[in-house]
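Residues per chain are reported as follows:
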Amino acid sequence: ALRLEPGRSSARNARRNAYQSAPALESSVRFGNTTDAGAGLRQVELAHWLSQETRISLRYDNTLGLDNPSIADRGDDVPGYFATLRQSIGPRWQLIAELGRRDLPAGDQDVLGLQAHYRMGDKVLRVGGELGKHDAGHSDKLLYAGINLPLGERFSIDPTLYLSTSGIDEDNEWRAVVNAEYRGNPNWTTGVFAGGGTIDASDPIFDGSTFVAGAWVNFAIVERHTIHFQVRREDAPSTAFTVAEVGFTYRLPGN
């Protein structure tokens, strides 16, 4: 229709709707710099929407190596490789399952993550967990729960509570974080987040309180692509750093 009548508005609108709603191929990359640690490629993800309900993806993740000063000083990477399935079930449920493996300096770690989203009217409840089993025999465990609460048409807040156990000595940590989001228009969204907690560790170096705060913004380009920016500050008893991150998501329409 557009070849025969390039100015036809209904044909242009139909093409735009097809781009927005059709199953799509996605590729995302994120780069960043961590103070007193590393700078470079943080994440790469390739994803495909098999349908409106099903999304599969493969992800390379090196954020752990770039954010750890001792690892970055040695010039080592801590690559992680993950496969994720996201499945919507009816209008209320969405399940996310992830399998992965991290190449840590002291040995590999197998990772299993599960998450469920449940829509309650205009609210969305999230619960999830992650188990990371090290080759050395010990495991890292993470549980979290949160809820997205709309505050009008443009604002929402998202409080989340995290509980984790990590290390050979099974150090325990709890952390609460609140994200506040503002949707300016269909082309951009921004937010700020802050939170903190405590680490109960057997080693006094790692024992104490934690703090995290940051801001982010996403810009849509040509209706379906996205540019991402984020700045995050982390303070813990054994370390403190700031991460500045930029990323880009490129989407191809399925049709």
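Our subject is the structure listed above.
What you see is a predicted model, and the numbers here were worked out from it, not measured in a lab. (Residues numbered from 1 in each chain as written. Predicted model: local features only at pLDDT ≥ 70, side-chain atom pairs only at ≥ 80, totals over all residues. Heavy atoms only, no water.)

**Some remarks on the overall build of the protein**
Then, in step 1: A tally of regular secondary structure across the protein gives three helices and 14 strands.
Then, in step 2: Oriented by its inertia axes, the alpha-carbon framework of the protein measures out at about 70 × 40 × 30 Å.
Then, in step 3: Within the protein, the fraction of its 255 residues that count as buried is 33%.
Then, in step 4: Partitioning the contacts of the protein with sequence separation of at least 6, the portion at a separation of at least 24 is 38%.
Then, in step 5: About 14500 Å² of surface is accessible on the protein, with carbon and sulfur atoms providing 59% of the total. (Helix = DSSP H or I, 4+ residues; strand = E, 2+ residues; numbered from the N terminus. Buried < 20%, exposed > 50% of the residue type's maximum accessible area, 1.4 Å probe, protein only. Contact = heavy atoms within 4.5 Å. Areas by Shrake-Rupley, 256 points an atom, 1.4 Å probe, with all protein chains shown as cover.)

**Regarding unusual backbone geometry**
Then, in step 1: The backbone of Asp 36 sits at a positive phi, close to 60°, despite the residue not being glycine.
Then, in step 2: Structurally, Asp 36 is set in the loop between strand E1 (24–34) and strand E2 (39–49).
Then, in step 3: The exposure class of Asp 36 is exposed, given its relative accessible area of 64%.
Then, in step 4: The backbone phi angle of Glu 170 is positive, close to 55°, even though this residue is not glycine.
Then, in step 5: With respect to the helices and strands, the residue Glu 170 is situated in the loop between strand E9 (155–166) and strand E10 (171–185).
Then, in step 6: Exposure remark for Glu 170: the relative accessible area of 46% places this residue in the partly exposed category.

**Describing the pattern of salt bridges**
Think of it this way: side chains of opposite charge can pair up when their charged atoms draw near.
Then, in step 1: Here the structure, examined in full by the defined rule, presents 20 salt bridges.
Then, in step 2: Between Glu 45 and Arg 55 there is a salt bridge, with its nearest N and O atoms 3.2 Å apart. Here Arg 55 lies in strand E3 (residues 54–61) and Glu 45 lies in strand E2, a separation of 10 residues in the sequence. The same class applies to Glu 45 and to Arg 55, which are both buried.
Then, in step 3: One salt bridge connects Glu 130 with Arg 102, and the closest N-O pair in it is separated by 3.9 Å. With Glu 130 in strand E7 (residues 123–134) and Arg 102 in strand E5 (residues 93–104), the pair connects residues that are 28 residues apart, well separated along the chain.
Then, in step 4: One connected set of salt bridges, linked through shared partners, spans Arg 30, Arg 42, Asp 67, Glu 173, Arg 175, Arg 232, Glu 234 and Glu 245. (Salt bridge = Lys/Arg side-chain N within 4 Å of Asp/Glu carboxyl O.)

**Some thoughts on a nonpolar patch on the surface**
Then, in step 1: A contiguous nonpolar patch, built from Phe 31, Leu 41, Phe 219, Phe 229 and Val 246 and spanning about 400 Å² of accessible area, is present on the exposed surface.
Then, in step 2: Residue position: Val 246 is located in strand E14 (residues 239–253). (Patch = residues over 30% accessible without salt bridge, like charges linked within 9 Å, V, L, I, M, F, W, Y side chains within 5 Å.)

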